[in-house]
Amino acid sequence: MTINRRALLKLSMLGAVAGNLAIPAAMAQPVVAPAAKKRARWICLGTKGGPRVGLGRSNPANVLIVDNVPYVVDCGPGVSKRLVEAKVALPDVRYVFVTHLHSDHVLEYGNMVYGGWSAGPNHKVEAFAPAGMEALTKAYWESIKFDVDTRIIDESKPDPRKLLVAKDIVENGLVMSNDKVKVTAFRTPHPPINDNFAYRFETPDGVIVYACDTAYNPGLAKFAEGADLLVHEALYVPGVDAMVARVKNAATLKEHLLASHTTTEDVGRIAKEAGVKKLLMTHFVPGDDPSITDEMWAEGARKHYSGPIVVGRDLMEIEL
């Protein structure tokens, strides 16, 4: 087919006009940059306070994951199973933080690390807790010495007693720091226990403060100031009244609970004074009463704190 000069000129002019036509705004496709992938997330593993084991919420345990590295926070009964359910491999655990040495926070610490070792890790695990953690770790290995010694020889495993490094925390301040996470401890009373610490985790995506098993402590507001997420225990007074009505030693138990924990209203006060961006309630006391709804847990805190409130549940995941 032959195209003469006049036809070529006409086509050229049409192309130039088309090239200069503006695309209507309604038809334009905006270029949207992909959202940056979050590097840090917090998973509630067990949200019930206290040592009783039941069928509902599991005992206190959490895991912070930063760039796929798990930082386990408290190790109540059930922590190993919950980690597996959360798709966190036990051999991947590198760091462990325990608030205090009450059984419901530390009872499965040794077994959790052992569970990872049994699957074949050969890396160091660092554990941090108040004074007594080093002795507890030594006693744990002594308690299963026969098994460990046998498996080292029979299965050619590394000695886990050299891989698990426990460190006692004796004062406020920096606990550990790497190129991804910085952790600071703050002593907060849990009568009659004084060696009890809250933790502040500074991550690439923001700051998480974890305060669990603590009496109402206004000092925590300063420690948590400006945090992106405050994870705080909660006591529901009507629920405690109902609980002590059906158990022995009720008067003593109620006195202890009210003296050593933080009511839902006071949790709201802490969140407000700290100016945190989000409040996550956990370590519920009582945590095994199904008649207490999420709204009941949040109601008291909402009287003082106007930001987002999340009532924690086992295996709930929170991104910053």
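From a predicted model like this one, the values you see are computed outputs, not experimental measurements.

What counts as what
- Residues numbered from 1 in each chain as written.
- Predicted model: local features only at pLDDT ≥ 70, side-chain atom pairs only at ≥ 80, totals over all residues.
- Heavy atoms only, no water.
- Core = buried A, V, L, I, M, F, W, Y, C linked by side-chain atoms within 4.5 Å.
- Buried < 20%, exposed > 50% of the residue type's maximum accessible area, 1.4 Å probe, protein only.
- Helix = DSSP H or I, 4+ residues; strand = E, 2+ residues; numbered from the N terminus.
- Contact = heavy atoms within 4.5 Å.
- Pairing = 2+ DSSP bridges.
- Axes fitted to C-alpha atoms, helices over the stretch in contact; angles between N-to-C directions.
- Salt bridge = Lys/Arg side-chain N within 4 Å of Asp/Glu carboxyl O.

Caption draft 1: Looking closely at the nonpolar core. In terms of nonpolar packing, the biggest core is built from 31 residues, with L83, V96, Y109 and M112 touching the most fellow members. Of all elements in the fold, only β1 (40-46), β2 (61-66), β3 (69-75), α2 (79-85), α4 (109-118), β5 (125-130), α5 (133-143) and β6 (164-169) reach the threshold of two or more residues within this core. Looking at this core, the element that brings in the most residues is α4, giving five residues. Among all residues touching M112, those that are not within four sequence positions of it are V72, C75, V79, S80, L83, L90 and V96.

Caption draft 2: Layout of the sheet that holds β5. If you trace the seven strands from one edge of the open sheet to the other, you get β6-β5-β4-β3-β2-β1-β14, paired in mixed fashion. Every interior strand has two partners, whereas the edge strands, β6 and β14 (317-319), have only one. With direction set aside, neighbouring strand axes in the sheet form an average angle of 20°. Examined bridge by bridge, β3 and strand β4 (residues 95-97) share three bridges and lie parallel to one another. Bridge pairing in β4 links V72 to V96. Taken strand by strand, α5 contacts β5 and β6, and its axis lies near 150° from that of β6.

Caption draft 3: Molecular detail of the pattern of salt bridges. Across all of its chains, the model carries 24 salt bridges by this definition. Through salt bridges with shared partners, a single ionic network connects K81, R82, E85 and D314.

The values are spatial; any link to function lies outside them.
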